[in-house]
Amino acid sequence: MSTLRLATAFSCFASFANAAIDPCVVGTWQADLDELAQIMASQMQGAATPVGGMVVMQVAPPGSVRIEVQNMTLRVKVPNAPEMDVSVSGYSAGGMQAEGGAWAATATDYNLVGAADVMGTRMEIPFSSSTGMFGNGDGTYTCAGNTLSFATNSTPAKIPPNWQRLD
């Protein structure tokens with residue numbers, strides 16, 4: 001990451017207490033689980049299909065964001081391993097700035113845990129806000145009516161691109 005981009009990110013995160021939030025972004029949103037499965041599949045270099053669960057994001061002024069992952073379950077197939085169901089539960093909370101088509105977020109409270117039965121053994125894997133889904137990130141967004149779309153500056157993406165308004 002360049003020094004200029006790092007300085008910009010730190011200045012954005014430091015200003016979340018007075019962050020600007022596009023009124024269109026404020027509200028409760030549900031993630032597209034098919035897109036989430038594709039992101040996770042690319043991270044695992046395999047295939048993933050959603051089985052159940054829900055991911056909900058709440059954005060409120062003056063710049064808070066909370067993402068609840070409610071027993072999101074994906075059927076996963078990775079090379080050299082049997083097919084398995086991976087479930088993720090928990091939350092990510094912190095600050096968000098979204099204005100003029102640009103967004104940045106930082107997770108100050110992060111508790112996401114993945115679990116799977118791997119060849120008869122139950123494994124739990126805690127995720128990190130710096131590397132895991134719904135952690136720190138930035139990019140661009142578009143918001144129109146009941147649809148909110150994100151593009152991220154990280155590869156792989158850490159947030160699904162499309163969300164539907166629930167409220």
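To be clear, the structure that these remarks concern was listed above.
Our focus in this paragraph is the pattern of salt bridges. Pairs can form between side chains of opposite charge once their charged atoms are near each other. Inspection of the entire model under this criterion finds four salt bridges. The shortest N-O distance in the salt bridge between Arg75 and Asp85 comes to 2.8 Å. With Arg75 in strand E3 (residues 64-77) and Asp85 in strand E4 (residues 84-99), this residue pair connects regions lying 10 residues apart in the sequence. On the accessibility criterion, Arg75 (35% relative accessible area) is partly exposed. Under the relative-accessibility criterion, Asp85 is labelled partly exposed at 32%. Across the pair Arg122 and Asp117 runs a salt bridge, and its minimum N-O distance is 3.8 Å. Taking the relative accessible area as the measure of exposure, Asp117 reaches 45% and is therefore partly exposed.

Let's shift gears to the state of the cysteines. Inspection of the entire model under this criterion finds one disulfide. In this model, Cys24 is linked to Cys143 through a disulfide, with the two sulfur atoms separated by 2.0 Å. Looking down the S-S bond of the Cys24 and Cys143 bridge, the torsion is -80°, so its handedness is left-handed. Taken together, the residues span a long stretch of sequence, with Cys24 in the loop between helix H1 (3-14) and strand E1 (27-31) and Cys143 in strand E7 (residues 137-144) at a distance of 119 residues.

Take Ser87: it is sitting in strand E4. With near-sequence residues (within four places) excluded, Ser87 lies in contact with Asn71, Met72, Thr73, Val113, Gly114, Ala115 and Arg122.

Glancing now at the pairing of E4. In terms of residue burial, E4 counts as a mostly covered element, since 12 of its 16 residues are buried. Taking the residues between adjacent antiparallel strands as the criterion, E3 and E4 are bridged by six residues, where Asn80 takes a positive phi near 60°. Direction of pairing for E4 relative to strand E5 (residues 102-118): antiparallel, over a ladder of 14 bridges. The partner of Ser92 across the bridge, within E5, is Tyr110. The loop that links E4 with its antiparallel partner E5 comprises two residues; one of these, Gly100, has a positive phi angle of about 60°.

Scoring rules and cut-offs
- Residues numbered from 1 in each chain as written.
- Predicted model: local features only at pLDDT ≥ 70, side-chain atom pairs only at ≥ 80, totals over all residues.
- Heavy atoms only, no water.
- Salt bridge = Lys/Arg side-chain N within 4 Å of Asp/Glu carboxyl O.
- Helix = DSSP H or I, 4+ residues; strand = E, 2+ residues; numbered from the N terminus.
- Buried < 20%, exposed > 50% of the residue type's maximum accessible area, 1.4 Å probe, protein only.
- Disulfide = S-S within 2.5 Å.
- Contact = heavy atoms within 4.5 Å.
- Pairing = 2+ DSSP bridges.

Read these as spatial facts, not as claims about activity.
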